[in-house]
Structures are given as C-alpha cells and as structure tokens.
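Here is how the chains run, residue by residue.
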Amino acid sequence: MNKINTIIFDLGGVLIDWNPEYVFLDVFKGNRKKMQWFFDNICTSDWNENQDAGYPMAKATEDRVALFPEYEKEIRMFYGRWEDMLGNAIAGTVAILKHLINTNDYKVVALTNWSAETFPIALERFEFLQWFEGIIVSGEEKTRKPFDEIYNLTLERFNINAENAIFIDDNLRNIEAAKNLGINGIQFKSPDQLIKELKTTYNININD
C-alpha cells in the first residue's frame, strides 16, 4: 500500500451534526411517516444538493413553492430555519482531526457539499474549521460530490496524489466516487469505527 500523507474530511455527518429532523419532526408533530414523505417528495435530498452546487436558496425556495403551493409554509422553513437544523460538533471526530493535525505527519483538508450561502454560519460556529490547510466548499465551486470535477479540483488545488490520500465521508456514494479516481476511502459511521479503520487498514494509530 502507498504511504498515506493526506487526509480529506467531509464535514456534515462526520465532524458536524446536521439534520433537518431537528426542525421538521416538530413541524409534523412527531409523525415520522409524514415527515419522511415530505423529504422524499417535496424538500428532497436531490433538491437540497442542487443548492450545495451553487443554486441560490431563495430561487430554489420559490421554485418549490410554485410546484407545491399547499406546502409553502413548510418549504420556506427549510432554509428559513436552516440554523436550527445545525447541531453540535461530533466531538469524537474532532478529537481525531486534532490528533492528525498535531502529528504534523499529514496534510489535512476538507471537502464538503455545502451551500456557499450557509457555510459562513458554520465557519463562525465551529472553531475547528480553521484548523484545516484548506476547505473545498461545493457551493463556492459550483459543483459537488459525487462528480469527478470536485475531487479532481481538490487533488489539484492542494497538490495531492490520489493514492496517498484517504477520503472520509458518511455517504457511501461519495466514497465510491473517490475510489474510482484512485483515492482511498473510509465510510464514516462513528468515531470509534473510524479509529479502528485508520489503524487496521492504514496503520494510523490515533491513540498514540
């Protein structure tokens, strides 16, 4: 195996807890079935990811309201109450990040699907975002994971050799896309699982 010298972190779901359920479970009065229908049919993941790729949130909201006027109130809440969907840092992963940076053995960067309009809120809230050598924000680049363009941009901008890098993301789709370009990948499920995989697969011991 090639020597690992670069770690690429996803942010949402790996280092930062973000979940629209924090708003909509209350909106739908605890009815998970109705809430899931809303996510599957109205404010869908694909729709939200379009804003992650740079589409204006205000325009996206009006587009959706025009399609589903009976859900206007709920649609406007999606970005109107976006900050309420933003949870806390995932402390265990932040500790891993800190360890990797402190060793000075790795280049540590981030690659995130995130709207350029809301990312400044995260920057202000989470101090550890300043620790990275750099962060690729999809909304600023007008493209997103899992498209090849954003991975190639990350490799080029930070002078990374794919075979010497590990990409950590909670979305298997994004990991598989990275692997197709020769980047090693770990699908994140928990801090403990991440520590185990870093150690057993890549001989990176976080607890030393």
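Here, every reference points to the structure presented above.
Please read these numbers as outputs of a predicted model, since none were measured by experiment.

Each strand in a sheet pairs with its neighbour through backbone hydrogen bonds, running either in the same direction (parallel) or in the opposite one (antiparallel). One open sheet holds the five strands; their spatial order is β5-β4-β1-β6-β7, and the pairing between them is parallel. Each end of this open sheet is capped by a strand with a single partner; those strands are β5 (135-137) and β7 (184-187). Along the sheet, successive strands turn relative to each other by an average axial angle of 20°, direction set aside. Bridge count between strand β6 (residues 165-169) and β7: four bridges; the pairing is parallel. Bridge pairing in β7 links I168 to I186. Sitting on the sheet, helix α11 (residues 172-180) touches β6 and β7, and the angle it makes with β6 is about 165°.

Below, the discussion takes up the pattern of salt bridges. Oppositely charged side chains may form a pair once their charged atoms are brought near each other. Under the counting rule described, the total for this entry stands at 11 salt bridges. Across the pair E72 and R76 runs a salt bridge whose closest N-O atoms are separated by 2.9 Å. Here E72 pairs with R76, and both are found in helix α5 (residues 72-80), just four residues apart, close to one helical turn. On the basis of relative accessibility, which here comes to 34%, the residue R76 falls in the partly exposed class.

Aromatic rings in a pair are described by how distant their centres are and how their planes are angled relative to each other. Taken as a whole and judged by the stated rule, the model has 18 aromatic pairs. Consider the rings of W37 and Y71, whose centres lie 5.8 Å apart with planes at 35°: the pair is tilted. Note that W37 is positioned in helix α2 (residues 32-41) and Y71 in the loop between α4 (57-67) and α5, a separation of 34 residues in sequence. Their ring planes at 85° and their centres at 5.9 Å tell us that Y151 and F167 sit as a pair that is edge-to-face.

With that out of the way, let us pick up the side chain of S115. Residue position: S115 is located in the loop between β4 (107-112) and α8 (119-125). Every residue in contact with S115, bar those within four places of it in the chain, is listed here: Q51, D52 and M57.

Another aspect to go through is the environment of I121. On the secondary structure map, I121 appears in helix α8. A relative accessible area of 25% means that I121 is categorised as partly exposed. In sequence terms I121 and E83 are 38 residues apart; their C-alpha atoms lie 8.0 Å from each other. Discounting chain neighbours no more than four positions away, the residues touching I121 are W82, E83 and L86.

Extensive coverage of β4 is indicated by the burial of six of its six residues. For strand β1 (residues 6-9) and β4, the ladder comprises four bridges, and the chain directions are parallel. The residue of β4 that forms the bridge with I7 is V108. As defined by bridge partners, β4 adjoins β5 across three bridges and the pair is classed as parallel. Within the sheet, the bridge partner assigned to A110 lies in β5 and is I135.

Right, let's get into the nonpolar core. Membership of the largest hydrophobic core comes to 52 residues, with the highest contact counts inside it found for F9, L11, L15, F24, L129 and F132. Ranked by size, the runner-up nonpolar core spans 16 residues in total, among them Y151, A165, A178 and I183.

Time to look at α11. Buried within α11 we find N174, I175, A177 and A178. Buried positions in α11, seen along its axis, are confined to an arc of 160° and lie on one side of it. Packed against the buried residues of α11 are α10 (148-157), β6 and β7. One side-chain oxygen of the residue at the start of α11 lies 2.9 Å from the amide nitrogen of R173, identifying that residue as N171. Just past α11, the residue G182 takes up positive phi, approximately 90°.

The rules behind each value
The residue numbers shown here count from 1 along each chain, following its written sequence. In keeping with the predicted nature of the model, local features appear solely for residues at pLDDT of at least 70, side-chain atom pairs appear and are counted solely at 80 or more, and the whole-chain, interface and lining totals rest on all residues. Water and hydrogen atoms were dropped before computing side-chain values, which therefore reflect all heavy atoms in the structure. Should DSSP find at least two bridges between two strands, the strands are regarded as paired. Comment: elements are numbered from the N terminus, with helices defined as DSSP H or I runs of at least four residues and strands as E runs of at least two. Note on geometry: axes are C-alpha line fits, over the in-contact stretch for helices, and angles between N-to-C directions span 0 to 180 degrees. We call two residues in contact whenever any of their non-hydrogen atoms come within 4.5 Å of each other. The working definition used for a salt bridge is a side-chain nitrogen of Lys or Arg within 4 Å of a carboxyl oxygen of Asp or Glu. Here the term buried applies to any residue with accessible area under 20% of the maximum for its type, exposed to any over 50%, and partly exposed to those in between, with areas from a 1.4 Å probe on protein chains only. Whether two aromatic rings pair depends on their centres lying within 6.5 Å, for rings of Phe, Tyr and Trp, where Trp uses its six-membered ring; planes under 30 degrees apart make the pair stacked, over 60 edge-to-face, and the rest tilted. Think of a nonpolar core as a cluster: buried Ala, Val, Leu, Ile, Met, Phe, Trp, Tyr and Cys residues, connected wherever their side-chain atoms sit within 4.5 Å. Directions from the helix axis toward the C-beta atoms define the arc. Two N or O atoms form a polar contact when they lie within 3.5 Å of each other; inside protein one atom must be a possible hydrogen donor and the other a possible acceptor, and for residues adjacent in sequence the pair counts only when both atoms belong to side chains.

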